[in-house]
Amino acid sequence: MKKIVNNLSGNITNTPPIWLMRQAGRYLPEYRETRAKAGSFLELCYNPELAAEVTLQPLRRYNFDAAILFADILLIPQALGLDLSFVAGEGPKLSTVRTAHEIEQLKPVDDIHDTLSPIYETVKILAKELPDETALIGFAGSPWTVATYMIEGQGSKDHARARRWLYEDFSGFMSLITMIEEATIEYLSMQIQAGAEIVKLFDSWAGALPYDYINIVSIEPMQRIFAELKKRHPHIKTIAFPRGIGAAYELANVPEFDCVAIDASVSMEWASTVLGGKCLQGNLDPMTMIVGGDVLKREARKIVDQMKDKPFIFNLGHGITPEANPDHVHDLLEAVRG
Ligand code: CP3
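To start, this report covers the structure provided alongside it. Only a predicted model underlies this, so the values are computations on that prediction, with no experimental measurement involved. (Residues numbered from 1 in each chain as written. Predicted model: local features only at pLDDT ≥ 70, side-chain atom pairs only at ≥ 80, totals over all residues. Heavy atoms only, no water.)

1. Things to note about the overall build of the protein
Item 1. Summing up its helical and strand segments, the protein has 15 helices and 9 strands in all.
Item 2. For a compact globule of 338 residues, the expected C-alpha radius of gyration is about 20 Å, and the protein comes in at 19 Å, within 12% of that figure.
Item 3. For the protein, the spread of C-alpha atoms along the three principal axes comes to 55 × 45 × 40 Å.
Item 4. Going through the 338 residues of the protein one by one, you find that 58% of them count as buried.
Item 5. Summarising the internal contacts of the protein: among those between residues at least 6 apart in sequence, 72% fall at separations of at least 24.
Item 6. When the accessible surface of the protein is totalled, it reaches about 13700 Å², and 48% of it is carbon and sulfur.
Item 7. Between the mean site of the 33 positive side-chain charges and the mean site of the 44 negative ones, the protein shows a separation of 4 Å. (Helix = DSSP H or I, 4+ residues; strand = E, 2+ residues; numbered from the N terminus. Rg over C-alpha atoms; globule rule 2.2 N^0.38 Å. Buried < 20%, exposed > 50% of the residue type's maximum accessible area, 1.4 Å probe, protein only. Contact = heavy atoms within 4.5 Å. Areas by Shrake-Rupley, 256 points an atom, 1.4 Å probe, with all protein chains shown as cover. Lys, Arg positive; Asp, Glu negative; His and termini not counted. Charge placed at Lys NZ, Arg CZ, Asp CG, Glu CD.)

Now the structure itself:
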């Protein structure tokens, strides 16, 4: 069994498996070169050969235990009919959905594959080309995080429009969540059929929700997605990443999540107590990948020591940043496995 799947099944390995969020990305010169060749970030996402190529680039440099499909969480809104573009230095820009009537104007869920089929081709190429011991992770955004981009039309500090809709018209708001949920089930099911062995839901903005809504808006939609995927594909392993929810991480102790990814705002030791020994992933501060040296080794060892008798996957608390030094990844691997 692949090392990471072993840990996701609740077992403990000698040293933890490791991969990094955004391991294919702008900190690697070869990524920037391939993106230029593709023309733009979105053209790269929809070009199966080049998307597979950038997925494999970090694996050629580093001996990670998993590869993550190269794509983006905002492809589902695009497949549902929203305009999407990435403006350099400004992040994503989307047309918006702000009323129940505008939800009805979206394309039907059944049509998403017209847009998303190149992504399934990327997964097929990867399933063929990855070394036997490397697991393939598919992913999507959580319904709440994807909804925030659809409602705001861009990244946002306080997600004010999304939270306001939630209070003013809960059932209209929840019908958007339900639609994203249904699209995500079909999208991830196709990724699994194409060869993804693990699926992860990124709920990057879970921490913006008020406590009383975390369960119903963040956790439960992710549970329903994973429950349906496990029904269709009994072998599939699942990771949920409700980022930034602090004390509310206890709400993520549900059977549909084989693993919960933890951000750097809490200690792994605490998370593991609250989550009852469930497999956890995390949680090194991405800043240490810029700083490097003894700081990187010390902070990484601290996490490995806290988690040494527990099912655990080493990762960062959030994605590696464009400013990270690629050489530091070698030092991290040595610190974690040494
Ligand atoms: O982790 C991986 O290597 C797999 C690929 C991946 C990307 N985005 C590629 C990407 C994954 C898993 C994501 C998830 C994603 N996308 C999230 C959730 C995770 C998180 O970071 O919180 C979110 C919120 C998005 C939406 C998104 N995509 C934003 C806000 C941006 C702009 C970021 C910026 O700094 O400009 C993107 C673009 C994006 N997605 C890039 C990459 C490699 C950079 C695009 C580029 O090459 O210019």
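2. What about the packing of helix 8 (residues 143-152) against helix 10 (residues 170-194)?
Item 1. As a packed pair, helix 8 and helix 10 sit with axes 9 Å apart at the nearest point and diverge in direction by 115°. Considering only the axes of helix 8 and helix 10, their crossing is right-handed. Here Pro 143, Trp 144, Val 146, Ala 147, Met 150 and Ile 151 of helix 8 lie close against helix 10, whose contacting residues are Phe 173, Leu 176, Ile 177, Ile 180 and Glu 181.
Item 2. Looking at the contact of helix 8 with helix 10 residue by residue, the class counts come to 10 nonpolar, no polar and 1 charged. (Axes fitted to C-alpha atoms, helices over the stretch in contact; angles between N-to-C directions. Left-handed = near helix turned anticlockwise from the far one by under 90°. Nonpolar A, V, L, I, M, F, W, Y, C, P; charged D, E, K, R; others polar.)

3. Let's talk about the site of the ligand
Item 1. If you check the shell around the ligand, you find 21 residues, and the closest are Arg 22, Tyr 31, Arg 35, Asp 72 and Ser 204.
Item 2. With respect to the ligand, the side chain of Tyr 31 contributes an N or O atom lying 2.4 Å from an oxygen atom.
Item 3. At 2.5 Å from an oxygen atom of the ligand is found a side-chain nitrogen or oxygen belonging to Arg 35.
Item 4. Calculation on the ligand without its partners gives an accessible area of 880 Å², and the protein chains cover 85% of this total.
Item 5. Class assignment for the residues of the shell around the ligand results in 14 nonpolar, 3 polar and 4 charged. (Near = heavy atom within 4 Å. Polar contact = N/O pair within 3.5 Å; in protein donor to acceptor, adjacent residues only side chain to side chain.)

4. Focus on the packing of helix 2 (residues 29-38) against helix 4 (residues 48-61)
Item 1. The N-to-C vectors of helix 2 and helix 4 enclose an angle of 170°; their axes lie 10 Å apart at closest approach. Here helix 2 is positioned roughly antiparallel relative to helix 4, judged by the angle of their axes. Contact residues: Pro 29, Glu 30, Tyr 31, Thr 34, Lys 37 and Ala 38 in helix 2; Leu 50, Glu 53, Val 54, Gln 57 and Arg 61 in helix 4.
Item 2. Here the contact of helix 2 with helix 4 is built from residues that sort into 5 nonpolar, 2 polar and 4 charged. (Parallel < 35°, antiparallel > 145°, perpendicular 65-115°, else oblique.)

5. Quick word on the sheet that holds strand 5 (residues 198-203)
Strands in a sheet are paired, the pairing made by backbone hydrogen bonds, and the direction either parallel or antiparallel.
Item 1. Spatially, 7 strands are ordered 1-4-5-6-7-8-9 in an open sheet, and the strand pairing comes out parallel. Sheet topology places strand 1 (66-68) and strand 9 (312-316) at the edges, where each strand pairs with a single neighbour. Within the sheet, the average angular offset between the axes of one strand and its neighbour, ignoring direction, is 25°.
Item 2. Bridge count between strand 4 (residues 135-141) and strand 5: 5 bridges; the pairing is parallel. Note that in strand 5 the partner of Gly 138 across the bridge is Val 199.
Item 3. Each of strand 4 and strand 5 touches helix 10; the most contacted strand, strand 4, lies at about 165° to it. (Pairing = 2+ DSSP bridges.)

6. Observations regarding the packing of aromatic side chains
Item 1. Scanning the model with the defined rule gives 13 aromatic pairs in all.
Item 2. Ring geometry for Phe 139 versus Phe 202: centroids 5.5 Å apart, planes at 85°, classification edge-to-face. Here Phe 139 is found in strand 4, whereas its partner Phe 202 is found in strand 5, with 63 residues between them in sequence.
Item 3. Looking at Phe 202, the relative accessible area reads 14%, which means it is buried.
Item 4. Each ring, one from Phe 202 and one from Phe 241, has its centre 6.3 Å from the other, and the planes form 75°; the classification is edge-to-face. (Phe/Tyr/Trp six-rings, centres within 6.5 Å; stacked < 30°, edge-to-face > 60°.)

7. What to know about helix 11 (residues 211-232)
Item 1. With 22 residues, helix 11 ought to run about 32 Å at 1.5 Å a step, and its terminal C-alpha atoms sit 32 Å apart, in line with that.
Item 2. At Ile 219, helix 11 shows its strongest bend, of approximately 35°, with the proline Pro 221 following within four residues.
Item 3. Every buried residue of helix 11 is listed here: Ile 214, Val 217, Ser 218, Ile 219, Pro 221, Met 222, Gln 223, Ile 225, Phe 226 and Leu 229. (Expected span 1.5 Å × (residues − 1). Bend = angle between axes of the 7 residues up to and from the residue.)

8. Examining the environment of Thr 238
Item 1. Positionally, Thr 238 belongs in strand 6 (residues 237-242).
Item 2. Once the C-alpha coordinates of Thr 238 and Asp 72 are considered, the two residues, 166 residues apart in sequence, prove to be 18 Å apart.
Item 3. Sequence-distant contacts of Thr 238, defined by excluding residues within four places in its chain, comprise Leu 8, Val 199, Phe 226, Lys 230, Glu 256, Phe 257, Asp 258 and Cys 259.
Item 4. There is a polar contact of 2.6 Å between the side chain of Thr 238 and the backbone oxygen of Glu 256.

9. Notes on the side chain of Thr 288
Item 1. With respect to the helices, strands and loops of the structure, Thr 288 is situated in helix 13 (residues 288-291).
Item 2. A distance of 2.7 Å separates a polar atom in the side chain of Thr 288 from the backbone oxygen of Asp 285.

10. Some words on the side chain of Gln 23
Item 1. With respect to the element layout, Gln 23 can be found in the loop between helix 1 (3-8) and helix 2.
Item 2. Separated by 3.0 Å, the side chain of Gln 23 and the backbone nitrogen of Leu 20 make a polar contact.
Item 3. Residue contacts for Gln 23: discarding those within four places in its chain leaves Leu 28, Pro 58, Leu 59, Phe 64, Ala 66, Ala 67, Ile 68 and Ile 320.

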